Amino acid sequence: MSYWLQVVVAVPAHSSIAGPLTYKSELPLTVGSLVRVPLGKREVLGVVWEILPDSGALLEMQTRHVAGVLEGLPPLSATWRKLVQFTAGYYQRSLGEVALAALPPQLRDLSSVQLARRLKRPVADTSHTPTTTNLIALSQEQTLAIAQFDADSRPALLFGATGSGKTEVYLRAAARVLEQDPTAQVLVMVPEINLTPQLQSRFEERFAHLGKERVVALHSGLTPAQRLKSWLAAHAGHARLVLGTRMAVFASMPNLRLLVVDEEHDPSYKQQEGARYSARDLAVYRAKIETEDTTHDHGPCRVLLGSATPSLESWQATLAGRYQRLTMSERVAANDGERGSLPTVRRVDMNHQPKHSVIAPPLLDAIAQRVARGEQSLIFLNRRGYAPVLACHDCGWKSECPHCSAYRVFHKIDRTLRCHHCGFTERVPRACPACGNIDIAPVGRGTERLEEHLAELLAGVKRPDGEPPRIARIDADTTRLKGALESQLASVHAGEVDVLVGTQMIAKGHDFRHITLVAAINPDGALFSSDFRAPERLFSLLMQAGGRAGRDARHSGVSEMWVQTFHPTHPLFEALKKHDYPGFAAQQLAEREAAGMSPFGFSALVRAEARAQDVAQGFLNAAAAQAEAQQLTGHGQVTAYPAVPMTIQRVANIERAQMLVESPSRAALQRFLAAWQPTLFETRQQAEFKSLIRWAIDVDPIAI
Ligand code: ADP
Ligand code: ZN
Ligand code: ZN
């Protein structure tokens, strides 16, 4: 007897076959099974999506046979398939692309024999050893937050100041779930695991008593073999806790009962290529469908988001009552009962400082005092390299990238000019390439130059032991090698660094204990950005950075956050001074509501790339005109704006354009995009747009 199946396979994003394909099988297969099927001349991995009822039409159809089944693997669950289906629909991608991207790549390449070997590996012992960790007593706020979380089934937003002990709340919530149900699984997501090796060990230690290999990591830094191993452990239900980055939201976890999203505001939860999904939003959706799942008996699946500076979307959801809010406004008390306080914010009005000063005299003074007292300072500048531009003062030549509409950055350490967009690198010319003048000079300042400058400025200052200050830098350049970041962070923790210079990499998450001063050197750019989310990102970055100071209560009385600005009275800095996130959020939300922007309006960007800008724009405008003609935009419910060049218009010789599509209704926008997709495909086929390289839709974009 034959069976006909719909199988989802990965097909190129813009191929004409987007839906599942029909195959024949001699064996009855379960929906969700992983199979190998022929596709053209190749054999590819697929997921059985549907079993077709017998019909005469099928008998007549020329269908190929399923080549094999990945034996020993339980089928993917109904909720997993529903999550994938939703993601594909909502983010306007093909089902096959989303489904296969959600599986570990190595699964595609394994033979049956290899897979069998992986699955046969001796399963780690399942015996529970008693809890050995001495649990710290929870603060009042932590106790209350957990009680509230238990009492209310809505998605929860833990609004907790930096150092208020959010991680401890995640650990307790996870422990609760894992104890109550011996099969329950928990997913904890973090923005970037490499930045927080501390966090991983905290989870591993806390749950060591569950037995070996019950806590697994899932992120792109793993080798393909490690990733497959973690995935299989989660899929088999063996792993009780998965700690991962955004990709982990798709982990197959048959008994998922709790999802935690740490630093939920972090932009890295948004995938920036392929299906541009928001892992935070999908976590909330997944908790809902896991709860509603009726295929077996289980408790609800909860979701807990946490941040000191929540995304305005999540904050608005608490104001509207869709999410519950758990507040922890105070830092936890250290062992001696002393409570750490948030740093005092000092704004330096750069209008009243000596011209061209990079570090204003009062700030330099404050840093020098820290050095003399043996305390650490953290100086933050969101621009790496030595100088963003190299220029000739004679003829006006600048270090433009020949392939991008951007300047190449001067890196002094290896005397190169590097493009941060396409990677094009050349040695610094001896003389101006345009006029031969040998007097070419760096303009502006990156972390590398700031580090050098600070060494000069602090040359006369002595540490308590009489030695000169030790200055270090952490950014993408110093941490390129594997393990470099870990060892650099370790030396900061060990107190081997007095002044740490770095990019936003050092502003996030780290639990530095000896930092008493944090300074933002030049944060003004974001105040007047064309991207409406820039202030939100700046505020959160500065709050995070400030959160690194005074985490040890012994110091926090004197800890300070310095901001150098030409706009000291800007409302953003006023709110920062008061550590007033709710005030800042209220002001931003009012502006966004007036302008119909997220979270009060919904948007998508369609981006197009071509060798020529007019082809990219022309394609978008033609597709939009077609939508208008077909009356897809409804009765003015959806607005498609004319295409414009992207901020960095050309990267690696490719011209980029984008079109903004907006609607006050999420549903209307979704209907429009779904109806518009075929038009975009058709427009692409027109002769004049043959040279288009690619186009893609970004739903709920995080940067405009
Ligand atoms: P957050 O994530 O909110 O910034 P953490 O969870 O990292 O804060 O906690 C900050 C520090 O306080 C950590 O070193 C943590 O071990 C400690 N801590 C957390 N809860 C308590 C508590 N109840 N009592 C004492 N120390 C605590
Ligand atoms: Zn010149
Ligand atoms: Zn370039």
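Here is what the cut-offs are and how they apply
- Residues numbered from 1 in each chain as written.
- Chains lettered and ligands numbered in written order.
- Predicted model: local features only at pLDDT ≥ 70, side-chain atom pairs only at ≥ 80, totals over all residues.
- Heavy atoms only, no water.
- Helix = DSSP H or I, 4+ residues; strand = E, 2+ residues; numbered from the N terminus.
- Pairing = 2+ DSSP bridges.
- Axes fitted to C-alpha atoms, helices over the stretch in contact; angles between N-to-C directions.
- Donors = N, O, S within 2.8 Å, 3.2 Å for Na, K, Ca; no water.
- Tetrahedral: all angles 85-135°; square planar, octahedral: opposite > 155°, others 65-115°.
- Buried < 20%, exposed > 50% of the residue type's maximum accessible area, 1.4 Å probe, protein only.
- Polar contact = N/O pair within 3.5 Å; in protein donor to acceptor, adjacent residues only side chain to side chain.
- Salt bridge = Lys/Arg side-chain N within 4 Å of Asp/Glu carboxyl O.
- Parallel < 35°, antiparallel > 145°, perpendicular 65-115°, else oblique.
- Left-handed = near helix turned anticlockwise from the far one by under 90°.
- Contact = heavy atoms within 4.5 Å.
- Phe/Tyr/Trp six-rings, centres within 6.5 Å; stacked < 30°, edge-to-face > 60°.
- Lys NZ or Arg CZ within 6 Å of the ring centre and 35° of its normal.
- Near = heavy atom within 4 Å.
- Areas by Shrake-Rupley, 256 points an atom, 1.4 Å probe, with all protein chains shown as cover.

K.L.:
What should I look at first to understand unusual backbone geometry in this one?
P.N.:
Of all residues except glycine, most have a negative phi; of all peptide bonds, most are trans. Of note, the amide linkage connecting Ser598 to Pro599 takes the cis form, showing an omega dihedral of 5 degrees. Relative to the helices and strands, Pro599 resides in the loop between helix H18 (581-595) and strand S25 (602-610). Backbone geometry places Glu263, a non-glycine residue, at a positive phi of 50 degrees. With respect to the helices and strands, Glu263 occurs in the loop between strand S11 (256-261) and helix H10 (279-292).

K.L.:
Would you take a moment to explain the sheet that holds strand S15 (residues 376-380) for this structure?
P.N.:
The strands making up a sheet associate through backbone hydrogen bonding, with each pair oriented either parallel or antiparallel. The strand order across the open sheet formed by six strands is S14-S24-S23-S15-S22-S21, and the pairing between neighbours is parallel. Edge positions in the sheet fall to strand S14 (344-349) and strand S21 (471-474), since each of these pairs with one other strand and no more. Pairs of neighbouring strands in the sheet enclose a mean axial angle of 20 degrees, with direction left out of account. Note that strand S23 (residues 515-520) and strand S24 (residues 560-565) share four bridges and pair parallel. Across the sheet, the residue bridging to Val518 is Met561, located in S24.

K.L.:
Please explain the coordination of the zinc ion (ligand 2) as it appears in this structure.
P.N.:
Angles at a metal have ideal values that depend on geometry: 109.5 degrees with four tetrahedral donors, 90 or 180 degrees with six octahedral donors. At 2.3 to 2.4 Å from the zinc ion (ligand 2) lie its protein donor atoms, namely Cys392 (SG), Cys395 (SG), Cys432 (SG) and Cys435 (SG). What the four donor atoms of the zinc ion (ligand 2) show is an angle range of 106 to 112 degrees at the metal, which sorts the shape as tetrahedral. Counting residues between consecutive donors of the zinc ion (ligand 2) along the chain gives the motif C-x2-C-x36-C-x2-C. Taken together, the positions of Cys392 in strand S16 (residues 389-392) and Cys432 in the loop between strand S19 (425-427) and strand S20 (440-443) put the pair 40 residues apart, joining distant regions of the chain. In terms of burial, Cys392 and Cys432 fall into one category: buried.

K.L.:
What am I meant to see in the side chain of Ser307 here?
P.N.:
By the element assignment, Ser307 lies in strand S12 (residues 302-307). Relative accessible area serves as the criterion here: at 0%, Ser307 is assigned to the buried category. Engagement of the side chain of Ser307 in a polar contact is seen with the side chain of His265, the distance being 2.8 Å.

K.L.:
Quick question: what am I supposed to make of the pattern of salt bridges here?
P.N.:
Charged atoms that come close allow side chains of opposite charge to pair. A complete count under the given rule lists 36 salt bridges for this structure. The salt bridge involving Glu451 is made with Arg473; its shortest N-O contact spans 2.7 Å. Here the residue Glu451 occupies a position in helix H13 (residues 447-457), and Arg473 occupies one in strand S21, the gap between them amounting to 22 residues. Residue class for Arg473 comes out buried when judged on its relative accessible area of 11%. Across the salt bridge formed by Arg607 and Asp698, the nearest N and O atoms sit 3.4 Å from each other. With Arg607 in strand S25 and Asp698 in strand S29 (residues 692-699), this pair connects stretches of sequence that are 91 residues apart. Take Arg607: its relative accessible area is 18%, and that puts it in the buried class.

K.L.:
Explain the packing of helix H6 (residues 140-151) against helix H7 (residues 166-180) to me, please; I cannot follow it from the model alone.
P.N.:
The angle between the axes and the distance between the axes are what describe a pair of packed helices. Where H6 contacts H7, the axes come no closer than 10 Å and their chain directions differ by 40 degrees. Here H6 is positioned oblique relative to H7, judged by the angle of their axes. Pair H6 / H7 crosses with right-handed handedness. Between H6 and H7, the residues in contact are Gln142, Ile146, Phe149 and Asp150 and Glu168, Val169, Arg172, Ala173 and Arg176, respectively.

K.L.:
Quick question: what am I supposed to make of the packing of aromatic side chains here?
P.N.:
The relative placement of two aromatic rings is captured by the distance of their centres and the angle of their planes. Enumeration according to the criterion identifies 15 aromatic pairs in this entry. Here the aromatic rings of Phe250 and Tyr277 are separated by 5.0 Å at their centres, their planes lie at 85 degrees, and the arrangement is edge-to-face. In this pair, Phe250 sits in the loop between strand S10 (241-244) and S11 while Tyr277 sits in the loop between S11 and H10, placing the two residues 27 residues apart along the sequence. Among the residues examined, Phe250 registers a relative accessible area of 5% and is labelled buried. You can call Tyr277 buried: its relative accessible area is 8%. Ring-pair connections join several aromatic residues into one group, and the members of that group are Phe159, Trp315, Phe539, Tyr581 and Phe584. Here the basic side chain of Arg302 rests over the ring of Phe149, its NZ or CZ set 4.0 Å away from the ring centre. Lying over the aromatic face of Trp315, Arg325 brings its terminal NZ or CZ to 3.9 Å of the ring centre.

K.L.:
Can you walk me through the pairing of S15 in this structure?
P.N.:
For a regular strand, the rule is simple: side chains alternate between the two faces of the sheet. Of all five residues that make up S15, five are buried, and the element is covered over most of its length. Across five bridges, the pairing between S15 and S23 is parallel. Following the sheet pairing, Ile379 is matched in S23 by Ala519. Alignment of S15 against strand S22 (residues 499-502), held across four bridges, turns out to be parallel. Bridging from a neighbouring strand, Phe380 pairs with Gly502 of S22.

K.L.:
Could you clarify how one ought to interpret the site of ligand 1 in this entry?
P.N.:
Near ligand 1 you find 19 residues, and of these Ala137, Gln142, Gly163, Lys166 and Asp511 are the closest. In the environment of ligand 1, a nitrogen atom lies 2.8 Å from a nitrogen or oxygen atom belonging to the side chain of Gln142. Ser164 places a main-chain nitrogen or oxygen 3.3 Å from an oxygen atom of ligand 1. For ligand 1, whose free accessible area comes to 560 Å², the fraction covered by protein is 81%.

Bear in mind that shape data such as this cannot, by itself, settle questions of function.
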